[in-house]
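Structural characterization, general
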Amino acid sequence: MTRTIGGRWVASMLLVLAVAYNAIVTDDVKLAGVPLKTFLLFAALIAWGAVRRPLLADRPRLAVPVLVVAVVVPAVWFLVAVWREHQGDPAQHAGLTHAVTEASHFMYLLLFFPLVDFLSDSDRRYGERIWLWPVVLTCAFAVLVWLGWQLVGFDYAAHQVRFLSGTIGEAPSGYRVQLVTQVMVVPAVAALLATVAADRLRRGPALVLSLLLAATVVSHTRGYWVGLLLVAGLLIVITNPWFARGRLRGALLAAVVTALVGSQVAVAIGPSPSSVKQISISQRLQEATELLHGVRHHVVLGSGLGATLPDGYARSSTDPWSFELTYYQLLFELGPVGLIAVVSLPLIVCWRCWRALGALSGRRAQQAQMALAAMLALLFVDSTNPYLINSVGMLALAVCAASAEVALSG
Amino acid sequence: MNPSARALAAATRGPVALALAFAVIALLSLIEFVAPRVTSSSGPVVLPVIGRAQLIGVGSNTSFLAGATPDVLYGVTPAHRKLTVERWDLGLPSVGRTIRPSVVTVSSAARLFALTYWSRARIPALLVATPARAGSRLQVFDLRSGARLASAVSAAALDDVSAITESDWNGAGVDLVLVRQARGGKTSLVVLSGALGTGPRLATVSVADRAEHASVFPPGYWRLAIRQQAQGRPSLAWITRGPTGSRRTELHLMVPSGRYSTFGEQAPTVLSDHHPDLHYAFGTGVGRSLVYAIDSRHFVYAISLAPIPG
């Protein structure tokens, strides 16, 4: 018994460490070329598997779609990459290095399984703090870095402050501090607002919310604001009592999904990149053109994980496979089959939460509302930003899916 | 309960608080969405840089025409045995648009790069130099196709050379100019005749020691850049902390008319100090002399140079 309690404590601590490290540290230490967070991930998963008895009991409802994205997709499309590389495909000229890197990001979604157990534990009323506090800490760091420049005059021209990295420096819109992991602010604000909607705005959540918004202000990142607007707007709608009874529920979900698909089509058929004045928009329009051109090479299964555009166009030298337009990138790398496989998880989460909302109450209703609002917002945010295919993007997905799972399985 | 407490209680009730939160987020979003962004008509420009590009020059994308407004900024990113040469359109209205990069395969020891125009056709080309341990070799590549146009062993050692350029030194054709920095800090220009420096040495010019300007410039880091000119002799730029203590980087040009002993042009920049990863390229805008600086955030700043008064 003691050993079981001790084992559970160790497993919980390892999970806390793995989640916090993933959500805070943006410039990871590497051991033998492998990021430390990978070791922490596996330590947390092994410890969770060791104390769960029986391991396969009470299989989560979302286990299959989660495993598809976390394991099947990287495994299958890594093999596609191997095949393309074997064929001498120029999209895989880097020799699978990028394929390994990209495939490794998907496995962070496996945190879903220990998170479900952690959040389900009835002893932990505030279980969501496991990921909420690291996000708050990250935002506090971002604000401190900004204040360091504003008040003391520190200039972080290397775009890195200790273990924090991102976009730090002067910009036309103002001095910006955008840390790589800050996208977690979207589910964090969703969780706080879902609590506020059910009760009232208390001092603690108000302070935390202010900090998260302050960090978003200094990040000068429009993608985050789009996400937060969607979160707040969706929560106003779905927490309203008439919504549970309303006939327009299905129509509203269809409208949101249509807007998402429409925005992606608009990018493809939009104006030419050179005719748009704003560089960030122009860059995305150009990416769409280049990626759609790349899709034509392998229209069914794509060019494989880690594929780079054969004509050399890239957004980043360190990750030339990564683009702002995540879904276009997935279409190029995984083909329509792989894109549907990846997007199916957030869509299934949204659909199940949407259907169950009318029947849920109390804490479970809040969790479902949070999961639904955050997941839909992240679908939009990820569509024009490279936030999904990395460790923290998968953590955000795992957090939303785990909250939905706990809400639906109670 | 007094009225103010009642109002606070009402405002913090769930649905009201949620609506207030939405209003605050909408207001802050609005501020962000109307904030100035990097556009094609205002600097700085954000470029989709493939790597940590070293700017090598501003010129034409097709062939160089004397007097024409340069419209393309060139940058080189060394990686493994390949150089990725990027080009960005600087001509309005499409400032910052990427022109498809080209790849040049070189020796991994290559470390000095310059933009040049090859042969009478003035083909935009990349001049690449490798140090003595790799054979002190100079190679020229076509920037459009990546094909090697010429190769030669330099007549002078390239180990202590910090910058190279091509310039018509004495009006008799294109020559190779090396900026040599000795360990003691002494800087000199070595001019070799011929585009690849295979001819005799034309000149060796000592550049005023930076110590001679210690009264002008406070201690700071110094970087040497070279202004490439299609015709005439090049200028050298000292890049350092502003003499006024402005916490800004300033550029001061040592011009050939001053025999490389006095400064002729200067440019205060918007860039703060401590930018060790900045790269510079010189060009000429419409009726003015410009320097372009790029940092690792992929911002490019176009900075106007002005003559030093008096």
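Cut-offs and rules
Residue indices begin from 1 for each chain and proceed along its sequence in written order. Written order decides the labels, with chains lettered from A and ligands numbered from 1. A pLDDT threshold of at least 70 governs which residues receive local features in this predicted model, and a stricter bar of 80 or more applies before side-chain atom pairs are shown or counted, although totals over entire chains, interfaces and linings include all residues. Based on all heavy atoms of the structure, the side-chain values leave hydrogens and waters out of the count. Counting from the N terminus, the helices are DSSP H or I runs at least four residues long and the strands are E runs at least two residues long. Burial here depends on accessible area, computed with a 1.4 Å probe over protein chains only, as a share of the maximum for the residue type. Under 20% is buried, over 50% is exposed, and the range in between is partly exposed. Areas reported as accessible are Shrake-Rupley estimates using a 1.4 Å probe. Residue values count occlusion only from the protein chains shown. Disulfide: a pair of cysteine sulfur atoms within 2.5 Å of each other. Here the nonpolar core consists of buried residues drawn from Ala, Val, Leu, Ile, Met, Phe, Trp, Tyr and Cys, with membership extended through side-chain atoms lying within 4.5 Å. Whether two residues touch is decided by their heavy atoms; if any such pair falls within 4.5 Å, the residues are in contact. Nonpolar side chains (Val, Leu, Ile, Met, Phe, Trp, Tyr) are joined into patches within 5 Å and like charges within 9 Å, using only residues with over 30% relative accessible area and no salt bridge. Salt bridges, as used here, are contacts in which a Lys or Arg side-chain nitrogen is within 4 Å of a carboxyl oxygen on Asp or Glu. Per residue, pLDDT captures the predictor's confidence, and it can take any value from 0 to 100. Whether two strands pair depends on DSSP finding at least two bridges between them. Note on geometry: axes are lines fitted to C-alpha atoms, helical ones only across the stretch in contact, with angles between N-to-C directions running from 0 to 180 degrees. A helix's residues, less one, multiplied by 1.5 Å, set its expected span. Two rings from Phe, Tyr or Trp (for Trp, the six-membered ring) form a pair when their centres sit within 6.5 Å of each other. Planes less than 30 degrees apart are called stacked, planes more than 60 degrees apart edge-to-face, and all others tilted. Ring-over charges, as used throughout, are those where CZ of Arg or NZ of Lys falls within 6 Å of the ring centre and within 35 degrees of the ring normal. For classification purposes, an angle smaller than 35 degrees is called roughly parallel, one larger than 145 roughly antiparallel, one from 65 to 115 roughly perpendicular, and anything else oblique. Crossing handedness follows the turn of the near helix against the far one: under a right angle anticlockwise gives a left-handed crossing, and clockwise gives a right-handed one. Side-chain classes are defined by residue name, with Ala, Val, Leu, Ile, Met, Phe, Trp, Tyr, Cys and Pro counting as nonpolar, Asp, Glu, Lys and Arg as charged, and the others, Gly among them, as polar.

Considering the overall build of chain B
- Tallying secondary structure elements over chain B gives two helices and 21 strands in all.
- Taken over 310 residues, chain B has a buried fraction of 54%.
- Summed over its atoms, the accessible surface of chain B is roughly 13,500 Å², and 56% of this surface lies on carbon and sulfur atoms.

Comments concerning the state of the cysteines
All names here are of chain A.
- In this structure the tally under the stated criterion is zero disulfides over all chains.
- There is no disulfide at Cys 350, and the cysteine sulfur nearest it, in Cys 353, is 7.1 Å away.
- For Cys 350, a relative accessible area of 2% corresponds to the buried category.

Comments concerning the nonpolar core
- By size, the foremost hydrophobic cluster in this structure holds 138 residues, and its most contacted members are Leu 109, Phe 112, Leu 115, Trp 131, Leu 193, Leu 212 and Met 370 of chain A.
- Considering each element in turn, this core owes the most residues, 16 residues, to helix α13 (residues 326-356) of chain A.
- For Leu 193 of chain A, the residues in contact, after removing those within four places along its chain, are Leu 209, Val 231, Ala 232 and Leu 235 of chain A together with Leu 18, Ala 21 and Ile 25 of chain B.
- Listed in part, the 20 residues of the second largest apolar core include Leu 138, Val 140, Ala 195 and Leu 196 of chain B.

Some words on a nonpolar patch on the surface
Residue and element names in this part refer to chain A.
- On the surface, a cluster of nonpolar side chains totalling about 520 Å² of accessible area is made up of Leu 144, Leu 147, Leu 151, Val 152 and Phe 154.
- Position of Leu 151 relative to the elements: it lies in helix α6 (residues 129-152).
- The exposed category is assigned to Leu 151, whose relative accessible area is 67%.

Observations regarding the confidence of the model for chain B
All names here are of chain B.
- Residues with a pLDDT of 70 or more make up 56% of chain B, whose mean pLDDT is 70.
- Highest mean pLDDT in chain B belongs to helix α2 (residues 14-34) (91); lowest belongs to strand β1 (residues 45-46) (54).
- Taken together, the stretch residues 62-69 has pLDDT below 50 and engages in 10 contacts with residues farther than four places along the chain or on a different chain.
- The model gives residues 214-221 a pLDDT under 50, and that stretch makes 18 contacts with residues more than four places away or in other chains.
- For this predicted complex, the interface confidence comes out at an ipTM of 0.90, alongside a pTM of 0.69.

Describing the sheet that holds strand β13 (residues 201-207) of chain B
All names here are of chain B.
- The antiparallel open sheet is built from four strands, whose spatial order is β10-β11-β12-β13. A single partner strand is all that each edge strand has here, and the edge strands are β10 (161-167) and β13. Sheet twist, expressed as the mean angle between neighbouring strand axes with direction ignored, is 20 degrees.

Some points on the environment of Val 103 of chain B
Residues and elements named next belong to chain B.
- Residue placement: Val 103 occurs in strand β5 (residues 98-105).
- According to the relative accessible area criterion, Val 103 is partly exposed, its value standing at 41%.
- The spatial distance from the C-alpha of Val 103 to the C-alpha of Lys 82 is 6.5 Å, given a sequence separation of 21 residues.
- With residues near it in sequence (within four places) discarded, Val 103 still touches Lys 82, Leu 83, Thr 84 and Gly 146.

Things to note about helix α9 (residues 222-238) of chain A
All names here are of chain A.
- Spanning 17 residues, α9 covers 24 Å between terminal C-alpha atoms, matching the ideal 24 Å at 1.5 Å per step.
- Most of α9 is tucked away, with 12 of its 17 residues classed as buried.
- The set of residues buried in α9 consists of Arg 222, Gly 223, Tyr 224, Trp 225, Gly 227, Leu 228, Val 231, Ala 232, Gly 233, Leu 234, Leu 235 and Ile 238.

Describing the environment of Tyr 117 of chain B
- As for its position among the elements, Tyr 117 of chain B is in strand β6 (residues 112-118).
- When the C-alpha atoms of Tyr 117 of chain B and Val 140 of chain B are compared, they prove to be 9.5 Å apart, with 23 residues separating the residues in sequence.

A closer look at the pairing of strand β8 (residues 137-142) of chain B
Residues and elements named next belong to chain B.
- Of all the six residues making up β8, five are buried; the element is thus mostly covered by neighbouring parts of the structure.
- As paired strands, strand β7 (residues 123-129) and β8 are joined by five bridges and run antiparallel to one another. In the sheet register, Val 128 faces β8, and the bridge partner there is Gln 139.
- Once β8 ends, the chain turns through five residues before running back antiparallel as strand β9 (residues 148-153), passing Gly 146 with a positive phi of about 85 degrees.

Section: the packing of aromatic side chains
- Here the structure, examined in full by the defined rule, presents three aromatic pairs over all chains.
- Taken together, a centroid distance of 5.5 Å and an interplanar angle of 35 degrees make the contact between Tyr 224 of chain A and Tyr 387 of chain A tilted. Of this pair, Tyr 224 of chain A sits in helix α9 while Tyr 387 of chain A sits in the loop between α14 (362-383) and α15 (391-409), placing them 163 residues apart in sequence.
- Accessibility expressed as a relative area gives 0% for Tyr 224 of chain A, which makes it buried.
- Classification of Tyr 387 of chain A as buried rests on a relative accessible area of 10%.
- These aromatic residues form a ring-pair network of at least three members: Trp 48, Phe 112 and Phe 113 of chain A.
- The positively charged end of Arg 233 of chain B is found above the aromatic ring belonging to Trp 169 of chain B, 4.2 Å away from the centroid.

A short note on the confidence of the model for chain A
- Per-residue pLDDT for chain A has a mean of 88; in total, 90% of the residues score no lower than 70.
- Averaged over each element, pLDDT in chain A is lowest for strand β3 (residues 160-161) of chain A (68) and highest for helix α3 (residues 63-86) of chain A (96).

Here we look at unusual backbone geometry
- With phi around 50 degrees, His 220 of chain A is a residue other than glycine that occupies positive phi space.
- Checked against the element boundaries, His 220 of chain A lands in the loop between α8 (203-219) and α9.

Here's the deal with the packing of α3 of chain A against helix α4 (residues 97-106) of chain A
All names here are of chain A.
- Where α3 meets α4, the closest approach of the two axes is 8 Å, and the angle between their N-to-C directions is 170 degrees. The angle between α3 and α4 places the two elements in the roughly antiparallel class. In this structure, the crossing between α3 and α4 has a hand that is right-handed. The segment α3 lies against α4, with Val 69, Ala 70, Val 73, Pro 74, Phe 78 and Ala 81 engaging Ala 99, Val 100, Ala 103 and Phe 106.
- The class makeup of the residues in the contact of α3 with α4 is 10 nonpolar, no polar and no charged.

Regarding the environment of Met 370 of chain A
- Tracing the backbone shows Met 370 of chain A in helix α14.
- Linking Met 370 of chain A and Val 231 of chain A, residues 139 residues apart in sequence, is a C-alpha distance of 8.4 Å.

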